[in-house]
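These are the residues of each chain, in order.
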Amino acid sequence: MHPTTLILSSSLLMIFALLIYPLITTLTPTLQHENWALTHVKTAIKMAFLVSLLPLFIFLDQGTETIVTNWQWMNTTTFDINLSFKFDHYSIIFTPIALYVTWSILEFASWYMHADPNMNRFFKYLLLFLIAMVILVTANNMFQLFIGWEGVGIMSFLLIGWWHGRADANTAAMQAVIYNRVGDIGLILSMAWFATNLNSWEIQQMFASSKELDLTLPLMGLILAATGKSAQFGLHPWLPSAMEGPTPVSALLHSSTMVVAGIFLLIRLHPLMENNQTALTTCLCLGALTTLFTATCALTQNDIKKIVAFSTSSQLGLMMVTIGLNQPQLAFLHICTHAFFKAMLFLCSGSIIHSLNDEQDIRKMGGMYNLTPFTSSCLTIGSLALTGTPFLAGFFSKDAIIEALNTSHLNAWALTLTLLATSFTAIYSLRVIFFVSMGHPRFTPMTPINENNSSVINPIKRLAWGSIVAGLLITSNFLPSNTPVMTMPTHLKLAALLVTILGLIIALELASLTSKQFKTTPNLITHNFSNMLGFFPAIIHRLAPKLNLTLGQAIASQMVDQTWFEKVGPKGVISIHLPMVTTTSNIQQGMIKTYLTLFFLSTTLAVLLTLT
Amino acid sequence: MTPVHFSFTSAFILGLMGLAFHRTHLLSALLCLEGMMLSLFIALSLCALQMKATGYSVAPMLLLAFSACEASAGLALLVATARTHGTDHLQSLNLLQC
């Protein structure tokens, strides 16, 4: 066997072995030592990252992709399910990035969660999550992808509800599970359709045998799955509620890895979608709506983690728009660059939160630029990368997406919404930086501000380097499969930048209003709409369950009890038979002698009539 | 009609009249029932003998067995009536009449 392919396959499977080993050490009945989290888990992930660089460099040099089919799991005459890993350019690039970000987050978590007695269990959950995520991205068949999909959903539930004594955390975890489940319906629908119509769950066979078929139904199922997992509009409230979990959880799951699983599914199965105009338009409009709606909600939030969560949701909408534009590679590029700066934003938020004695409200922060200079500089770098500042990481993906949007002959409404959302991105990013790091401190004096710990600084520094150079590195090493439009009018080329600068100026103007008071009773309609998240959770979380429960009550009491049991069923039968029985027994009077006499007389009469 | 034929026919009819027109005691009705059974027994036996139909020879025995069962059922009813109503007078059996 050629050494290149041998190295590729074995290093990729080595990653799995390295990640699973710490879990196996926990299967023994003895308790692990206190530093197990650091010595076993973090080291395993660092090793796995270094090992995953090998296939990455081989891919960069020679462009090798591989599919490894290990084990025949369930094989019948008509249907096969195998354990099969697909290491194409999507998973070869994504795996090192995910491992790099996870390594930084775990190092940060060892500082953030050091006072938690169950830190080992926390790291174990994070490791389980990572394994499920890697299974998801390297899956070559839908069954394995589904395993990874469900795995990340369950670990998300366990990690969001980490502080399970808090009722809000339990509610948020339930919300995450229920919204994800609704999306899972779509995924299972698609899987069933593929199994019955294309006879396989292997991706290669699905692509080859679906050329002539009308794929609208399974594609709608896949879009529903992506809506649930990636918090598109309609199934989005779980993502801001998921901020109840610890900050490392938010950084890992709800910014870089888990929420992109839905988009990743659509990217993987994109060849099925590229000819179906309905699916593409759905993605486009859904993504545009999501990105604008969540950016609007982010404008007036006061919790720093919620702002970053809505920002994630908005970027996910942007990725969905890109898929609707038939550009899966740009969406994937945005996934990779977004992972870096979003995780860094969360880690900086976590550092600030811990420094201010667990204060999360930005109205009670301020002046952190002088007090935590490193963290606020990295916050600024991350925000600049998020808004698409030229030549940072976010620019290469975001600007390319908006250029593609401007030069495509598609829905102008989606374009308008996306540009508006881009300007809102600048506004809320400036709002965060203004309230957190600029101005005068608005917190109490006795706060444990300390960012001198190396396990805080090093992860954030690593991710900052990633936020700066990742975009450049990735775009300069990979050829696009669709030729991008290179020439366009100047105003279209500069549209993203202009809109962002416009947003920045508006935000600066609004920020300067905080020290002036024009109206004592301001008009609050739009602010209320944005702050209450468009009233979406308030309506849906009460109305839908209430309707369902009243329907259930109507079915149980009116239909079953009153109708089936009393009018139609057993009691109905009684009510019909009882008058008949009463009548019959009332007729019986017990006059035996009269009966017998009549019998004798009628017998005599009959005999006489037959004889004469 | 031969004399034997006439005798068991008339025995049957008399027993039937006694069953229909009984006046006071339930026991007399049961006795008439027994008389009817007896006449039927004689009729069946003579039928089997005179028509040389040996296949019917077992029928009288069966009739006897069934009439014994029926007599015991009737006596059980009599005892039950005596238990619930105190007597077997037929006037007291009209309690269902409203």
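Being a predicted model, the structure only gives us computed values, none of them experimental.

**Some thoughts on the overall build of chain A**
When its secondary structure is counted, chain A shows 26 helices and 2 strands. Seen through its principal axes, chain A has C-alpha atoms that stretch 130 × 75 × 65 Å. Scored against the burial criterion, the 612 residues of chain A give a buried share of 54%. A fraction of 80% describes how many contacts in chain A between residues 6 or more apart in sequence connect residues 24 or more apart. Taken as a whole, chain A presents about 27700 Å² of accessible surface, with 68% of it coming from carbon and sulfur.

**Quick notes on the UniProt feature "domain: NADH-Ubiquinone oxidoreductase (complex I) chain 5 N-terminal" (unreviewed entry) in chain A**
Mapped onto this numbering, the UniProt entry annotates "domain: NADH-Ubiquinone oxidoreductase (complex I) chain 5 N-terminal" (unreviewed entry) at residues 73-123 of chain A. With 57% helix and 22% strand, residues 73-123 of chain A has its two end C-alpha atoms placed 30 Å apart.

**Focus: the UniProt feature "transmembrane region" (unreviewed entry) in chain B**
Residues and elements named next belong to chain B. Within the UniProt annotation, "transmembrane region" (unreviewed entry) is assigned to residues 6-22, 29-51 and 57-80. Helix makes up 88% of residues 6-22 and strand 0%. Its end C-alpha atoms lie 23 Å apart. A distance of 36 Å separates the end C-alpha atoms of residues 57-80, which is 92% helix and 0% strand.

**Here we look at the environment of A:K567**
Turning to its location among the elements, A:K567 is positioned in helix α24 (residues 536-568). Aside from chain neighbours lying at most four places away, what touches A:K567 is A:Q562 and A:G572.

**Details of the environment of B:F41**
All names here are of chain B. Inspection of the secondary structure assignment puts F41 in helix α2 (residues 26-50). Residue class for F41 comes out partly exposed when judged on its relative accessible area of 24%. Sequence spacing of F41 and V79 is 38 residues, and the spatial spacing of their C-alpha atoms is 26 Å. Excluding residues within four positions of it along the chain, F41 makes contact with P60, L63 and L64.

**Let's talk about the pattern of salt bridges**
All names here are of chain A. Here the structure, examined in full by the defined rule, presents 9 salt bridges over all chains. Close ionic contact of R181 with D184 constitutes a salt bridge, the shortest N to O distance being 2.4 Å. Here R181 and its partner D184 are both found in helix α6 (residues 167-197), 3 residues apart, which amounts to about one turn of the helix. With relative accessibility at 43%, the residue R181 sits in the partly exposed group. By relative accessible area, D184 is classed as buried at 5%. Here R363 and D361 are joined by a salt bridge, their closest N and O atoms 3.0 Å apart. Owing to a relative accessible area of 45%, R363 belongs among the partly exposed residues under this scheme. Residue classification places D361 among the buried positions, given a relative accessible area of 17%.

**Observations regarding unusual backbone geometry**
Residues and elements named next belong to chain A. Within the chain, A231 stands out as a residue other than glycine whose phi angle is a positive 55°. The buried category is assigned to A231, whose relative accessible area is 0%. Phi angles above zero are rare outside glycine, and F535 is one such case at about 60°. Relative to the elements of secondary structure, F535 occurs in the loop between α23 (525-531) and α24. A relative accessible area of 32% places F535 in the partly exposed class.

Rules of the game
Residues numbered from 1 in each chain as written. Chains lettered and ligands numbered in written order. Predicted model: local features only at pLDDT ≥ 70, side-chain atom pairs only at ≥ 80, totals over all residues. Heavy atoms only, no water. Helix = DSSP H or I, 4+ residues; strand = E, 2+ residues; numbered from the N terminus. Buried < 20%, exposed > 50% of the residue type's maximum accessible area, 1.4 Å probe, protein only. Contact = heavy atoms within 4.5 Å. Areas by Shrake-Rupley, 256 points an atom, 1.4 Å probe, with all protein chains shown as cover. UniProt positions renumbered as here; feature names shortened; annotations may be inferred. Salt bridge = Lys/Arg side-chain N within 4 Å of Asp/Glu carboxyl O.

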